[in-house]
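Descriptive structure summary
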Amino acid sequence: GVAVLPAPQNLTVLSINMKHLLMWNAVAQLRETVLYSVEYQGEYESLYMSHIWIPSSQCSPTKGLECDITDDITATVPYNFRVRAMLGSQTSAWSTLERPFNRNSTVLIPPRMEVTEHGLHLVIKLEDLGPQFEFPVVYWSQEPGAKEHVKVVKSGDSPVHLETMEPGAVYCVKAQALVKAIGRHSAFSQTQCVEMQGEALPLA
Amino acid sequence: RAVPCVSGGLPKPTNISFLSVNMKNVLHWKPPQGLRGVEVTYMVQYFIYGQKKWLSASECTNISRTYCDLSAETSDYEHQYYAKVKAIQETKCSEWVETGRFYPFLETQVGPPEVALTSGEKSISIALTAPEKWKRHPTDDSVPMQQIYSNLRYNVSVYDTKSRRRWSQYITNSTLVLSWLEPSTLYCVHVESFVPGPPRLTLPSQKQCIRTLEDQMSALK
Amino acid sequence: EFRFGPCRVEGVVLSELWEAFSAMKSTVQTQDDITSVRLLKSQVLHNVSDAESCYLVHSLLKFYLNTVFKNYPSKVAKFKISKSFSTLANNFFVIVSKLHPSKDKDMLSISESAHRRFLLFCKAFKQMDTEAALVKAFGEVDILLTWMQNFYHL
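**As for the interface of chain C and chain A**
- Listed by partner, the interface residues are 19 residues for chain C and 23 residues for chain A.
- For the pair chain C and chain A, the summed buried area comes to about 1700 Å², and 59% of that belongs to carbon and sulfur atoms.
- For chain C, the biggest contributors to the area lost against chain A are Lys83(C), Asn90(C) and Phe93(C); these three give 31% of the whole.
- In this assembly, chain C and chain A are joined by one salt bridge.
- The partner of Arg103(A) in a salt bridge is Glu16(C), and the shortest N-O contact between them spans 3.1 Å.
- Applying the counting criterion to the chain C and chain A interface returns 13 residue pairs in polar contact (both at pLDDT 80 or more).
- Every element with two or more residues in the side of chain C that touches chain A is listed here: helix H3 (50-69) and helix H5 (82-98) of chain C.
- Of the residues forming the side of chain C that touches chain A, the biggest block, ten residues, is contributed by H5(C).
- When the residues that make up the side of chain C that touches chain A are grouped by side-chain class, the tally is nine nonpolar, seven polar and three charged.

Here it is as structure tokens:
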């Protein structure tokens, strides 16, 4: 079709905790539904075979003004993205992301977590952020001079056993999100403390 | 010696694939369609990728069952293999039907460990025995799958039936002691083997449950 | 991270590569009907010392990027494996860009040993029709990844 339709504008990527969302402005067409098609290429394609563009797995085509490109980005390299509008047989020109997007620029925020005690077991349940994530978990007892312990919890949302604790003591826990694929981690979460059941053991 | 037969005179067997657990590699297939009630036998051959010719599976010539244990023939798990089968009925036979490239090292399912539980007053000891690689003869020495996959780990899942809460933990060694549990409480455990690498089907262990002993203090009262 | 002897490579998630290849394994390997030839023979990849590994992986991945993947696009679209292809190509690209095999003279014998292994692979590749060799090399990425997995530390 002849490129009569204007190309979508203002392509941007919003990326939080390795979830990447490509967004663009609507192409004004009064009553009719405009479809959009998204394509990408990684650094290898852009260097070695720049004519090769790959249709996005989620949005080829889509009615919306955004596209979840998380599954398309599977390497820590810059990715080019382009979007065009389609209306019946009319097709707009491609509009390309101004600057290539690299997943190492994602914003990492601390994971939600729930700390519980099963009898004398300190158990943590962390938000499932996907297979890319690991969670350094720091925990310590509030006894004076107590040492901090660190355990790296793999991803997945099932509760994980941290440690077996002393009865009657109060333990505090904080966690951060770590993504080895981009070599970065988030800030620590809020600290959560729980008191273990039972009386403190008499000093020997 | 195989009796020559007219190829293509029979429909081919279907759904040919390897089912592999702990390097026990068994070829399975389904009988040709439309031959219900007809006496059909099968012949199996296998091929080592990168070598020159198809080899006969000596245990699977003129068999009527629809599976063939090729563990011995495919025991070098760093090689890749193909297998094929054809149906034979008197002087007629089907064309061969072939598997894709089978790579035991990547495709075998790693079975669960054996799990032994013993309980104390407020503790449970979990003893794991690594899954064993397939053996040619029962008298052969056992080879733990950990010897093949040095990065093999176990995912131990514990369920407290009283509080109805579950937790899990990855371990690499073969024993785990859960202490400071609730006395007189039924805990259930199941364990999965996990090998980092390509996606692999997993076989969780049977769920086993054990009750912690009664609290000595309340027993005395 | 990967530790090929002294060479370290971070930022590559091996499970992503495995998932990519698993998604196209049957499609790609079905195209290779010359089953009597194996390019990545055991003489190429068996008993590679840590010191050799950096040289060998650098040569092999550069070959894959510059020869195999570069000449494969015509098949990629046809077989609908663009996404998997892109994942492998871009991650191989990351690994090669982070590998810096030592050029010290005292490493000469080791680099030559690695080069002899690589030449075995190249020789087998060149003895085949180019199209068939491309298809075969692509179908043997699981052999390559299995070897690379030995140097991957979670």
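**So, the interface of chain C and chain B**
- In this assembly, 19 residues from chain C lie in contact with 20 residues from chain B.
- For the pair chain C and chain B, the summed buried surface comes to about 1600 Å²; carbon and sulfur atoms form 53% of the total.
- Per-residue buried area on chain C facing chain B is highest for Thr35(C), Ser36(C) and Arg38(C); these three make up 33% of the total on that side.
- On inspection of chain C and its partner chain B, the count reaches two salt bridges.
- A salt bridge links Glu107(B) to Lys25(C), with the nearest nitrogen and oxygen atoms 3.3 Å apart.
- Elements that contribute at least two residues to the side of chain C that touches chain B include exactly helix H1 (14-30), helix H7 (130-139) and helix H8 (141-149) of chain C.
- With five residues, the top contributor of residues to the side of chain C that touches chain B is H1(C).
- Grouping the constituent residues of the side of chain C that touches chain B by class yields four nonpolar, eight polar and seven charged.

**Some details on the pattern of salt bridges**
Residues and elements named next belong to chain A.
- The tally for this structure, following the rule as stated, stands at twelve salt bridges over all chains.
- Salt-bridge contacts for Glu127 lead to Arg112; the nearest nitrogen and oxygen are separated by 3.6 Å. Of this pair, Glu127 sits in the loop between strand S10 (121-126) and strand S11 (133-141) while Arg112 is found in the loop between strand S8 (95-96) and strand S9 (113-118), placing the two residues 15 residues apart along the sequence.
- Relative accessible area serves as the criterion here: at 60%, Arg112 is assigned to the exposed category.
- Shared partners join several salt bridges into a network, and the residues in it are Glu134, Lys154 and Lys180.

**Observations concerning the nonpolar core**
- With 119 residues, the main nonpolar core has Ile126(B), Tyr64(C), Phe69(C), Phe121(C) and Met148(C) as its most contacted residues.
- Filtering out sequence-adjacent residues up to four positions away, Met148(C) remains in contact with Phe2(C), Phe4(C), Val57(C), Leu61(C) and Ile95(C).
- One finds Met18(A), Ala177(A), Ile182(A) and Met196(A) within the second-largest nonpolar core, a separate group that totals 28 residues.

Analysis parameters
- Residues numbered from 1 in each chain as written.
- Chains lettered and ligands numbered in written order.
- Predicted model: local features only at pLDDT ≥ 70, side-chain atom pairs only at ≥ 80, totals over all residues.
- Heavy atoms only, no water.
- Contact = heavy atoms within 4.5 Å.
- Buried area = accessible area lost by both parts, 1.4 Å probe.
- Salt bridge = Lys/Arg side-chain N within 4 Å of Asp/Glu carboxyl O.
- Polar contact = N/O pair within 3.5 Å; in protein donor to acceptor, adjacent residues only side chain to side chain.
- Helix = DSSP H or I, 4+ residues; strand = E, 2+ residues; numbered from the N terminus.
- Nonpolar A, V, L, I, M, F, W, Y, C, P; charged D, E, K, R; others polar.
- Buried < 20%, exposed > 50% of the residue type's maximum accessible area, 1.4 Å probe, protein only.
- Core = buried A, V, L, I, M, F, W, Y, C linked by side-chain atoms within 4.5 Å.

Function-wise, these values are silent; they only describe arrangement.
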